[in-house]
Amino acid sequence: MTYPEKKEREHRFALALRMGLPIFFLSVVSLFALLSQRYTTYSSLIVLSITILGVMVYFIFYLIYQSNRENITDSIIHTFTSEYFFQLALKAFRKKTHTIVMISVENLGLINERYGFKNGDEALLTTVRKIDRFFREKGIEKLPIGRNKGGDFLLLLPGEKQQYIPLIELFLSKYQNFVHREIEIHLEAVAVDSRLSQEIELLISRLYELYSDRIRSEKEELYTINELESEIISALEEKRFSIGFWPVCCDEYDVYDTTVKLVDSRGEFIHQSRYVPTLNRLNKMRLLESDVIEHLGSLCDERKRDFVVNISSVTLRNPHFFEHALTLFERYPKARYKITLLFEEKEYCHQLDRFAQQIAHYRKAGYKIALDRLGGYHTTLLYLKELEIDLVRFDTLYSRSIKKEGHQNILQGLNLSAHLCGAKTWISMIEDEGSDQIARSLKINYRQGNYLGKILSEEQLQGKE
């Protein structure tokens, strides 16, 4: 029996006592008061009995209703509800530092789709049993396990995160991919501790950021979440950001891929993996991206060189950004046709006609449009045939494996498809001469990587002839 199940039994027993004892004492006091009277009739005893019975029936129904409202565990997999888990965590944070670990069943959606929800629930229950047994074997008897949503389980452990990293890695080495009744179950785990923040909602948000990016950088964790958010907002308001310019090999003219980092109050960089989720949560990503293209516009001069900037698809469709981008060339006329807006999108945009019109307006105004992760997301092929795209960048999966014949065959097909759709092609992460020769033989237009050039600062770019 897991700790949440034991806790649920204790809770229900306490709830039953809380409801039953008042009835018992009421009955005893009423009978004592009646029988201690000199004149007690059978009729008064019957009236009292009926009254007590009515009160008892009322309290029984109230107990049933209240027990349903006061559930502290999930009815299917018997873990703590997220509300109760958050209460436990907040109480624990007041005493000392605690670590929250999130273990996720990554392929729960596929299990539900293929094997049905009943088998999906069984997979979750099996995962909970394995988690509880593993930590019990490691000496942690009372392990609070909560279910946040879907296949995401939260564990609350006393102490700082560092002392549990080896334990989490050991758990994953044992159970990251296991099979239950011929169903493959894949697990992932991330962790944070309460030194980052005392607010449970912010810690859970940070867990999902870590889960999405698989970040393991301890240096980034030196910020508390509240401090980090304050630094990001301050950097955004004061337009403190640094742009790196990575040369892209092109036979026609100079092309530079850009990477943007915010600069905190101490002059240190805040990486994209930290500020992007925060700005998305605060709905301020558009402001940064508007400032970046404004700055790139100011760098454009008589020289023939292009700048590629990453713009989120949501920002690209935002009417305020759209208006700002279209008026940019009034302030910087030399920037026309020298800025390429690069975007990627996992989910297909259902308002495609409207999106296609916006893309056409961007191109008409003087921007080039580039599509990222070709061959990685299925949406890229749909967009390639539906939208006017100037440039496509292949998914890094093909860059890392470019020397494999199978990947070369797929690259050749994707490259030909892009060219037939009127788009030029671009491959990144070219790290040696052999990879560069293969990219050339496939007739890929643009090539990028450490072998072909290092990232330049703005000062180096300005000083370059």
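Residues numbered from 1 in each chain as written. Predicted model: local features only at pLDDT ≥ 70, side-chain atom pairs only at ≥ 80, totals over all residues. Heavy atoms only, no water.

**Structural notes on the packing of helix α12 (residues 319-331) against helix α13 (residues 352-365)**
Part 1 of the argument: One can describe the packing of α12 onto α13 by two numbers: an axis separation of 9 Å at closest approach and a directional angle of 15°. Taken together, the axis directions place α12 and α13 in an arrangement best described as roughly parallel. Pair α12 / α13 crosses with left-handed handedness. On α13, the residues touching Phe321, Phe322, Ala325, Leu326 and Phe329 of α12 are Gln358, His361, Tyr362 and Ala365. (Axes fitted to C-alpha atoms, helices over the stretch in contact; angles between N-to-C directions. Helix = DSSP H or I, 4+ residues; strand = E, 2+ residues; numbered from the N terminus. Parallel < 35°, antiparallel > 145°, perpendicular 65-115°, else oblique. Left-handed = near helix turned anticlockwise from the far one by under 90°. Contact = heavy atoms within 4.5 Å.)

**A look at the packing of helix α10 (residues 285-299) against α12**
Part 1 of the argument: In contact at an axis separation of 10 Å, α10 and α12 are set at 15° when each is read in the N-to-C sense. As judged from the angle between their axes, α10 and α12 are roughly parallel. As α10 runs across α12, the sense of the crossing is right-handed. Where α10 approaches α12, its residues Arg286, Glu289, Ser290, Ile293 and Glu294 are matched on the opposing element by His320, Phe321, His324, Ala325, Leu328 and Arg331.
Part 2 of the argument: Here the residues of the contact of α10 with α12 sort into 4 nonpolar, 3 polar and 4 charged. (Nonpolar A, V, L, I, M, F, W, Y, C, P; charged D, E, K, R; others polar.)

**Points about unusual backbone geometry**
Part 1 of the argument: A positive phi angle, near 65°, is found at Tyr337, a position not held by glycine.
Part 2 of the argument: With respect to the secondary-structure elements, Tyr337 resides in the loop between α12 and β10 (339-343).
Part 3 of the argument: If you check the backbone angles, Arg373 has positive phi at about 65° while not being a glycine.
Part 4 of the argument: Within the element layout of this structure, Arg373 appears in strand β11 (residues 368-374).
Part 5 of the argument: When its relative accessible area of 25% is taken as the criterion, Arg373 is described as partly exposed. (Buried < 20%, exposed > 50% of the residue type's maximum accessible area, 1.4 Å probe, protein only.)

**Observations regarding the side chain of Ser194**
Part 1 of the argument: Residue placement: Ser194 occurs in the loop between β5 (183-193) and α7 (200-213).
Part 2 of the argument: Filtering out sequence-adjacent residues up to four positions away, Ser194 remains in contact with Phe93, Lys96, Thr97, His98 and Leu203.

**Examining helix α3 (residues 82-95)**
Part 1 of the argument: In a regular helix each residue adds 1.5 Å, so 14 residues correspond to 20 Å; α3 covers 20 Å between its end C-alpha atoms and thus fits that length.
Part 2 of the argument: Listed in full, the buried residues belonging to α3 are Ser82, Tyr84, Phe85, Phe86, Ala89, Ala92 and Phe93. (Expected span 1.5 Å × (residues − 1).)

**A closer look at the pairing of β11**
The two faces of the sheet receive side chains in turn, since in a regular strand these alternate between them.
Part 1 of the argument: Within β11, 6 of the 7 residues are buried, leaving the element largely enclosed by the surrounding structure.
Part 2 of the argument: In this structure, β10 lies alongside β11, joined through 4 bridges in parallel fashion. Across the sheet, Thr340 pairs through a bridge with Lys368, a residue of β11.
Part 3 of the argument: Crossover connection from β10 via α13 to parallel β11: handedness right-handed.
Part 4 of the argument: Examined bridge by bridge, β11 and strand β12 (residues 391-394) share 3 bridges and lie parallel to one another. What sits directly across from Ala370, in β12, is Leu391. (Pairing = 2+ DSSP bridges. Right-handed = clockwise from strand over helix to strand, strands pointing away.)

**Side note on the sheet that holds β5**
Part 1 of the argument: If you trace the 5 strands from one edge of the open sheet to the other, you get β2-β3-β1-β5-β4, paired in antiparallel fashion. Each end of this open sheet is capped by a strand with a single partner; those strands are β2 (145-149) and β4 (177-180). For this sheet, the mean inter-axis angle between neighbouring strands, taken without regard to orientation, is 30°.
Part 2 of the argument: Inspection of the sheet shows β4 paired to β5 by 4 bridges, in the antiparallel sense. Residue pairing for β5: His180 is matched across the bridge by Ile183.
Part 3 of the argument: Contacting β1 (98-105), β2, β3 (152-158) and β5, α7 runs over the sheet at an angle of about 130° to β5.

**Describing the pattern of salt bridges**
Part 1 of the argument: A full pass over the atoms with the stated rule returns 28 salt bridges.
Part 2 of the argument: Here Arg373 makes a salt bridge to Asp395, at a shortest N to O gap of 2.4 Å. Residue Arg373 is located in strand β11, and its partner Asp395 is located in the loop between β12 and α15 (396-400); the two are separated by 22 residues in the primary sequence. (Salt bridge = Lys/Arg side-chain N within 4 Å of Asp/Glu carboxyl O.)

**Brief notes about the environment of Ala356**
Part 1 of the argument: With respect to the helices, strands and loops of the structure, Ala356 is situated in helix α13.
Part 2 of the argument: Judged by its relative accessible area of 24%, Ala356 is partly exposed.
Part 3 of the argument: Counting along the chain gives 30 residues from Ala356 to Glu386, while the straight-line C-alpha distance between them is 7.6 Å.

**Some details on the confidence of the model for the chain**
Part 1 of the argument: Put simply, the chain has an average pLDDT of 88, and 87% of its residues get 70 or more.
Part 2 of the argument: This stretch, residues 215-220, has a pLDDT under 50; its non-local contacts, to residues over four places away or in other chains, come to 9 contacts. (pLDDT = per-residue confidence, 0-100.)

**Thoughts on the packing of aromatic side chains**
Part 1 of the argument: Scanning the entire structure with this criterion turns up 16 aromatic pairs.
Part 2 of the argument: Ring centres of Phe80 and Tyr84 lie 5.0 Å apart, and the angle between their planes is 50°; this geometry places the pair in the tilted category. Tyr84 matches Phe80 in its accessibility class, with the two residues each being buried.
Part 3 of the argument: Relative to Tyr362, the ring of Phe322 lies with its centre 5.1 Å away and its plane at 85°, an arrangement referred to as edge-to-face. With a gap of 40 residues between them, Phe322 in helix α12 and Tyr362 in helix α13 connect regions that are remote in the sequence. (Phe/Tyr/Trp six-rings, centres within 6.5 Å; stacked < 30°, edge-to-face > 60°.)

**Some details on α12**
Part 1 of the argument: Over its 13 residues, α12 runs 19 Å from end to end, which matches the ideal 18 Å to within 8%, given 1.5 Å per residue.
Part 2 of the argument: Residues of α12 that are buried: Phe321, Phe322, Ala325, Leu328 and Phe329.
Part 3 of the argument: The inward-facing, buried residues of α12 contact α10, α11 (313-317), β10 and α13.
Part 4 of the argument: Where α12 begins, one side-chain oxygen reaches toward the backbone nitrogen of His320, 2.8 Å away; that side chain belongs to Asn318. (Polar contact = N/O pair within 3.5 Å; in protein donor to acceptor, adjacent residues only side chain to side chain.)

**Quick notes on the environment of Arg331**
Part 1 of the argument: Mapped onto the fold, Arg331 is located in helix α12.
Part 2 of the argument: Ignoring anything within four residues of it in the chain, the contact list for Arg331 reads Glu294 and His324.
Part 3 of the argument: Polar side-chain contacts of Arg331 include one of 3.4 Å to the backbone oxygen of Thr327.

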